[in-house]
Amino acid sequence: MLPLASRIRDPRLLPIADKVLRGERLTFEDGLLLYETSDLTGVGAMANQVRTRLNGRRAYYVLSRRLSYTNVCYTHCQFCAFQAKPGDPKAYALSAEEIIRELEKPETAGVRELHMTSGHNPKLKVDYFEDLFRKIKARFPAIHLKVFTMMELDYYARVSGLSTEAFLDRCMAAGLESCPGGGAEIFDETLREQICIGKKDAQVWLDTAALCHRKGLPTNCTMLYGHIEEARHRVDHLLRLRDLQDRSQAAGYEGFLAFVPLAYQNEDNELSAAHTIHETTGTQDLREIAVARLLLDNIPHIKAYWVMISPGLAQIALSYGADDVDGTIIAEEIAHTAGAKTPQGLSQGDLERLIREAGYEPLERDNLYHTFEEPATA
Ligand code: SF4
């Protein structure tokens, strides 16, 4: 392979390339330059250097089912097309029995992970979740329960009259095994006021994630990009995640397993109605993945979430820092109600083909990045 410096056109990136080769940490200013330069292939080459050092030619995926137990939400995120207020004909809240029936459908056979995030519905309290998790684990003991954004954890603890820690203790005793990284959006406080009125501030998200880490609950982390934020907001967001990961790891916890950049979907929501916001482009999506790989030096995995950026671009993203294409993601609702044009799920064979054709080795994983030799069984 050509030396890294020979693949960089913008000379301003050369000091960053030196740091990358030495394994040195990048600064806020480095992050701004990675967003500003037109040399995207140079940024990608540096990210690929880090990706190869950490994960070789491996590309991970998980057999995953998405499910939202309610779309009723008392919070008001302007980018969200999924929420429904009580009385809305499309409002729903599923009982444990309805969820079990969903999971018994043939398309869920063999799934190893149930990923559930939902609205903030004040009628659902801790006993609903305990009952739900126990029933799911009794019927499908092999399915890993990955549930709650950090904001759902905070919300459902409050409406249950519990501390977040006490709420987590009860949910973990009932079967909760990990948490996705949603609800982070963009941490900048001024922007949060504009895109997610009523959602708790960034510090609540970070404190809740830190609590999960202390309790040994694996989590991911996310950032919503491509709306009204600027490069400085994205760098600030990524460095706040890196800082929390430093603190969790210094205290002996695993912390975040993966970072997932989430591309803003611009249909059927208030934010798009109030501002002219175009769909994110391929170069923007690839840059987000590459910059994340370079700045988040302490987070082991970067996902290319094909639901939002397309399966084809996820293939290319594997050479721009991503080492994980997330998964089969059967029956995803939240991005699709906001206009995602991707399929509602891919087969295991499709995912493996995508990865192989991109020149990488597909590896089926569980939530903790243990890999499987044998296909999943129901
Ligand atoms: S993003 Fe989540 S919290 Fe925000 S309005 Fe939608 S469902 Fe509610």
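Okay, so let's go over this structure. The structure presented is a predicted model; accordingly, all values stated were derived computationally and were not measured.

A look at the overall build of the protein
Then, in step 1: Secondary structure assignment for the protein yields 16 helices and 11 strands.
Then, in step 2: Taken over C-alpha atoms, the radius of gyration comes to 20 Å for the protein, in line with the 21 Å a tight globule of 378 residues would show.
Then, in step 3: In the protein, which comprises 378 residues, the proportion classed as buried is 49%.
Then, in step 4: The long-range share in the protein, meaning contacts at least 24 apart out of those at least 6 apart in sequence, stands at 79%.

Observations regarding the sheet that holds strand β9 (residues 301–302)
Then, in step 1: Ordered by their spatial adjacency, three strands build an open sheet running β7-β8-β9, and the pairing between neighbours is parallel. In this open sheet, the two edge strands, each paired with only one partner strand, are β7 (219–225) and β9.
Then, in step 2: Two strands pair when backbone bridges link them, and strand β8 (residues 256–263) and β9 are joined in this way by two bridges, in the parallel orientation. Bridge pairing in β9 links Ala 258 to His 301.
Then, in step 3: Each of β7 and β8 is contacted by helix α10 (residues 231–250), which is oriented at about 170 degrees to β7, the strand it contacts most.
Then, in step 4: On top of the sheet, helix α12 (residues 282–295) reaches β7, β8 and β9; it is set at about 155 degrees to β8, its chief contact.

Focus on the nonpolar core
Generally speaking, soluble globular proteins have nonpolar side chains that are buried together.
Then, in step 1: Membership of the largest hydrophobic core comes to 104 residues, with the highest contact counts inside it found for Phe 259, Ile 289, Leu 294, Ala 304, Ala 317 and Val 325.
Then, in step 2: Among the elements that take part in this core, α12 stands out by supplying seven residues, more than any other.

Structural notes on the packing of helix α1 (residues 14–22) against helix α3 (residues 40–55)
Two quantities define a packed helix pair, namely the angle between the helix axes and the distance between the axes.
Then, in step 1: Relative to each other, α1 and α3 sit at 5 degrees, their axes nearing to 10 Å. Considering their axes alone, α1 and α3 lie roughly parallel with respect to each other. Facing α1, whose interface residues are Ile 16, Ala 17 and Val 20, α3 presents Met 46, Gln 49 and Val 50.
Then, in step 2: The class makeup of the residues in the contact of α1 with α3 is five nonpolar, one polar and no charged.

Some points on the pairing of strand β5 (residues 144–147)
Then, in step 1: The alternating pattern of β5 places His 144 and Lys 146 on one face and Leu 145 and Val 147 on the opposite face, and all of these are buried.
Then, in step 2: When strand β4 (residues 113–116) meets β5, the two strands line up parallel, connected through four bridges. Across the sheet, the residue bridging to His 115 is Lys 146, located in β5.
Then, in step 3: Regarding topology, helix α5 (residues 126–139) serves as the crossover connection from β4 to the parallel β5, and that connection is right-handed.

Let's talk about the pairing of strand β1 (residues 58–62)
Then, in step 1: Counting buried positions over the five residues of β1 gives five, a clear majority of the element.
Then, in step 2: Residue alternation in β1 divides its side chains into two sets, Arg 58, Tyr 60 and Val 62 and Ala 59 and Tyr 61, and both sets are buried.
Then, in step 3: Direction of pairing for β1 relative to strand β11 (residues 361–364): parallel, over a ladder of four bridges. Bridging across to β11, Ala 59 finds its partner in Pro 362.
Then, in step 4: Judged from the two bridges that link them, β1 and strand β10 (residues 324–327) form a sheet pairing that is parallel. Residue pairing in the sheet places Val 62 in a bridge with Gly 327 of β10.

Some remarks on the environment of Pro 86
Then, in step 1: In this fold, Pro 86 is placed in the loop between β3 (76–77) and α4 (96–103).
Then, in step 2: A sequence separation of 43 residues divides Pro 86 from Phe 129, and the C-alpha atoms of the two residues are 20 Å apart.
Then, in step 3: Not counting residues up to four positions away in its chain, the partners in contact with Pro 86 are Val 72 and Ala 91.

Here we look at the sheet that holds β11
Then, in step 1: The parallel open sheet is built from three strands, whose spatial order is β10-β1-β11. Strands with a single pairing partner mark the edges of an open sheet, and in this sheet they are β10 and β11. The mean angle between the axes of side-by-side strands here comes to 25 degrees, regardless of whether they run parallel or antiparallel.
Then, in step 2: The strands touched by helix α16 (residues 348–357) within the sheet are β1, β10 and β11, with β11 carrying the most contacts at an inclination of about 150 degrees.

A closer look at unusual backbone geometry
Then, in step 1: Here Glu 185, not a glycine, exhibits a phi torsion of approximately 50 degrees, which is positive.
Then, in step 2: Turning to its location among the elements, Glu 185 is positioned in the loop between α7 (164–174) and α8 (189–195).
Then, in step 3: Looking at Glu 185, the number of C-beta atoms within 10 Å reads 27, which means it is buried.
Then, in step 4: If you check the backbone angles, Tyr 369 has positive phi at about 65 degrees while not being a glycine.

A look at the packing of helix α2 (residues 28–36) against α10
Then, in step 1: In the contact formed by α2 and α10, the axes pass within 9 Å of each other and the chain directions differ by 135 degrees. In terms of orientation, α2 and α10 fall into the oblique class. Judged by the sense of rotation from one axis to the other, the crossing of α2 with α10 is right-handed. Across the interface between the two elements, Phe 28, Gly 31, Leu 32, Tyr 35 and Glu 36 of α2 pack against Ala 231, Arg 232, Arg 234, Val 235, Leu 238 and Leu 239 of α10.
Then, in step 2: Looking at the contact of α2 with α10, its residues break down into seven nonpolar, one polar and three charged.

Reading the values: rules and limits
Residues numbered from 1 in each chain as written. Predicted model: local features only at pLDDT ≥ 70, side-chain atom pairs only at ≥ 80, totals over all residues. Helix = DSSP H or I, 4+ residues; strand = E, 2+ residues; numbered from the N terminus. Rg over C-alpha atoms; globule rule 2.2 N^0.38 Å. Buried ≥ 20, exposed ≤ 12 C-beta atoms within 10 Å, placed from the backbone. Contact = placed C-beta atoms within 7 Å. Pairing = 2+ DSSP bridges. Axes fitted to C-alpha atoms, helices over the stretch in contact; angles between N-to-C directions. Core = buried A, V, L, I, M, F, W, Y, C linked by C-beta atoms within 7 Å. Parallel < 35°, antiparallel > 145°, perpendicular 65-115°, else oblique. Nonpolar A, V, L, I, M, F, W, Y, C, P; charged D, E, K, R; others polar. Right-handed = clockwise from strand over helix to strand, strands pointing away. Left-handed = near helix turned anticlockwise from the far one by under 90°.

Keep in mind these values describe shape, not function.
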